[in-house]
Amino acid sequence: MNNNDISYTLQALAEHLDARLIGDGARQVRALATLGDAGPDDIAFLANRAYLKYLPGTRAGAVLLHPSHADECPVACLTLDNPYLGYARLSRLFDPLAARFEAGVHESAIVSPSARIGENVQIGPQAVIEAGVVIERDVVVGPGCVVGADSVIGEGSRLHANATVAHGVMIGKRAILHSGCVIGGDGFGFAHDGSRWHKIAQLGGVVLGDDVEVGSCSSIDRGALGDTLIGNDVKIDSQVQIAHNVQIGDHSALAGCVGIAGSTRVGRHCMLGGGVGLSGHLTLCDGVQVTGMSLVSHSIHEPGVYSSGAGGTMPNSQWRKNAVRFKQLDALAKRLSRLEKRRDEKPDVERQRDEKYKDDS
């Protein structure tokens, strides 16, 4: 249960979700909880059949669930065809962070006189807003954030503490940038003269579409010349690295520790599992799913599920044996090819004799 005096009647929640209410609509609930932990002042949800066993004994004030489980619910319920989506929508109503919003600029923040600040904006302690920045209405800039010169933060976006937006970055509406993420840092660009490296100035920017979320300690590098482009409704987990001039299509999702090398294009509705690596200058078409820890070194032109690697986790002793055999694959393949060639060169009578002998045995 939370301590932020948030409460809703079941009738109000049903109307918010367009759900069917079975039970007392005047009943108040103050928090979201699991089926097993919920008390009389909480609303719980059932979205996975694996947790159905907890439904008969729940003490929740109400449960959000699929209509097919309504008869099994011992308390009031709200029924929806997609209860997990309903849970997502309810979670935002009970978010105590949203309830604590107070517009205004903290006295310790540094805001350039040339910055344009919209209505109902909160700028937290020690935040820095540089020259030419545009912050649209209903934006929250958390403590210690930096917004670089000439960047734009779209309406309703939220920058959590210590997020960094470099110069010349465009952030769309309703973006969420978590603590420690860096949007618009320099891409990894250097030229070698044979003895030392020479830095290539990164002259592009970063453009994030609407409803983008970037996890903590993730980096999206600015473009070398053109911009790095992140589409609408893209979800990026923590500790993800997106290099310069990458393009990611709308509604794609990247799990933790994904790394994408420069100038690679990822299509719409793609999903990259944790630890996936994409080499540079590749193209992934729409609808590609890459399973965790896979390395993609070639473009993918057909939608579907793709994996790479040498098998799942195994005892180290077995892995070492398999690693040795893996190194022998080329020699084994050549040996097999020679044996097949010798077989094909045998006279027909000799080959028929061998086949007859094999059948008899």
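Up top is the structure.
Being a predicted model, the structure only gives us computed values, none of them experimental.

**Q** Go over the overall build of the protein with me, naming the residues and quoting the values.
**A** Looking only at helices and strands, one finds six helices and 39 strands in the protein. The C-alpha atoms of the protein give a radius of gyration of 28 Å, which is well past the 21 Å a tight globule of 361 residues would have. Across its three principal axes, the protein shows a C-alpha extent of roughly 90 × 70 × 35 Å. Of all 361 residues assigned to the protein, the portion counted as buried reaches 36%. Sequence separation of 24 or more characterises 18% of the internal contacts of the protein that already satisfy a separation of 6 or more. As presented, the protein carries roughly 20,300 Å² of accessible surface, and 52% of it is formed by carbon and sulfur atoms. Once the 35 positive and 41 negative side-chain charges of the protein are each reduced to a mean point, those two points are 11 Å apart.

**Q** For a nonpolar patch on the surface, give the residues involved together with the corresponding values.
**A** Residues F188, F190 and W197 make up a contiguous nonpolar surface patch of about 420 Å² in total accessible area. Here F190 lies in strand 22 (residues 190-192).

**Q** An account of the pattern of salt bridges is needed here, citing residue identities and associated values.
**A** For the structure shown, the criterion picks out seven salt bridges. Across the pair E119 and R137 runs a salt bridge, and its minimum N-O distance is 2.9 Å. Of this pair, E119 sits in the loop between strand 10 (116-117) and strand 11 (122-123) while R137 is found in the loop between strand 13 (134-135) and strand 14 (140-141), placing the two residues 18 residues apart along the sequence. On the basis of relative accessible area, E119 is assigned to the exposed category, the value being 56%. The closest approach of N and O atoms between R174 and D211, which form a salt bridge, is 2.7 Å. Here D211 lies in the loop between strand 24 (206-208) and strand 25 (213-214) and R174 lies in the loop between strand 19 (169-171) and strand 20 (176-177), a separation of 37 residues in the sequence. Overall, the relative accessible area of 25% leaves D211 in the partly exposed class. Taken together, the salt bridges that share partners define one network made up of E119, R137 and D138.

**Q** Kindly report on the environment of A47, identifying the contributing residues and their values.
**A** You can see A47 is positioned in the loop between strand 5 (42-45) and strand 6 (62-65). Residues A47 and G25 lie 22 residues apart in sequence; the distance between their C-alpha atoms is 22 Å. The contact partners of A47, leaving out residues within four places of it in the chain, are P83 and Y84.

**Q** So what's going on with the layout of surface pockets? Residues and values would help.
**A** Put simply, the largest pocket is a space of about 830 Å³. What lines the largest pocket is a set of 25 residues, and nearest its centre among them are S91, R92, D95, I176 and E213. Only helix 2 (83-93) and helix 3 (96-99) provide two or more residues apiece to the lining of the largest pocket. The element that contributes the greatest number of residues to the lining of the largest pocket is helix 2, accounting for six residues. In terms of residue class, the lining of the largest pocket is built from 11 nonpolar, six polar and eight charged. Each pocket or cavity is described by its volume, and for the second largest pocket that value is around 260 Å³.

**Q** Help me get a handle on the sheet that holds strand 11, residues and values and all.
**A** Pairing is parallel in the open sheet, where 11 strands are placed in the order 8-11-14-17-20-25-28-31-34-37-39. The open sheet is flanked by strand 8 (104-105) and strand 39 (304-306), the only strands paired with a single partner. Pairing of strand 17 (residues 158-159) with strand 20, which is carried by two bridges, proceeds in the parallel orientation. Bridging across to strand 20, R158 finds its partner in I176.

**Q** Quick one: what's the story with the state of the cysteines, residue by residue and with numbers?
**A** For the structure shown, the criterion picks out zero disulfides. For the unlinked cysteine C217, the closest cysteine sulfur is that of C181, found at 8.5 Å. Sulfur of C270: no disulfide; nearest cysteine sulfur belongs to C285 and is 6.6 Å away.

**Q** Give a description of the side chain of H69 that names residues and reports values.
**A** On the secondary structure map, H69 appears in the loop between strand 6 and strand 7 (76-79). Classification of H69 as buried rests on a relative accessible area of 9%. Apart from residues no more than four positions distant in its own chain, H69 is found in contact with L46, R49, L52 and L55.

Scoring rules and cut-offs
- Residues numbered from 1 in each chain as written.
- Predicted model: local features only at pLDDT ≥ 70, side-chain atom pairs only at ≥ 80, totals over all residues.
- Heavy atoms only, no water.
- Helix = DSSP H or I, 4+ residues; strand = E, 2+ residues; numbered from the N terminus.
- Rg over C-alpha atoms; globule rule 2.2 N^0.38 Å.
- Buried < 20%, exposed > 50% of the residue type's maximum accessible area, 1.4 Å probe, protein only.
- Contact = heavy atoms within 4.5 Å.
- Areas by Shrake-Rupley, 256 points an atom, 1.4 Å probe, with all protein chains shown as cover.
- Lys, Arg positive; Asp, Glu negative; His and termini not counted.
- Charge placed at Lys NZ, Arg CZ, Asp CG, Glu CD.
- Patch = residues over 30% accessible without salt bridge, like charges linked within 9 Å, V, L, I, M, F, W, Y side chains within 5 Å.
- Salt bridge = Lys/Arg side-chain N within 4 Å of Asp/Glu carboxyl O.
- 1 Å grid on protein atoms, 1.4 Å probe; cavity = no way out; pocket = protein on both sides within 12 Å on 5 of 7 lines; lining within 4 Å.
- Points joined across faces, edges and corners; volume = space filled by probe spheres on them.
- Nonpolar A, V, L, I, M, F, W, Y, C, P; charged D, E, K, R; others polar.
- Pairing = 2+ DSSP bridges.
- Disulfide = S-S within 2.5 Å.

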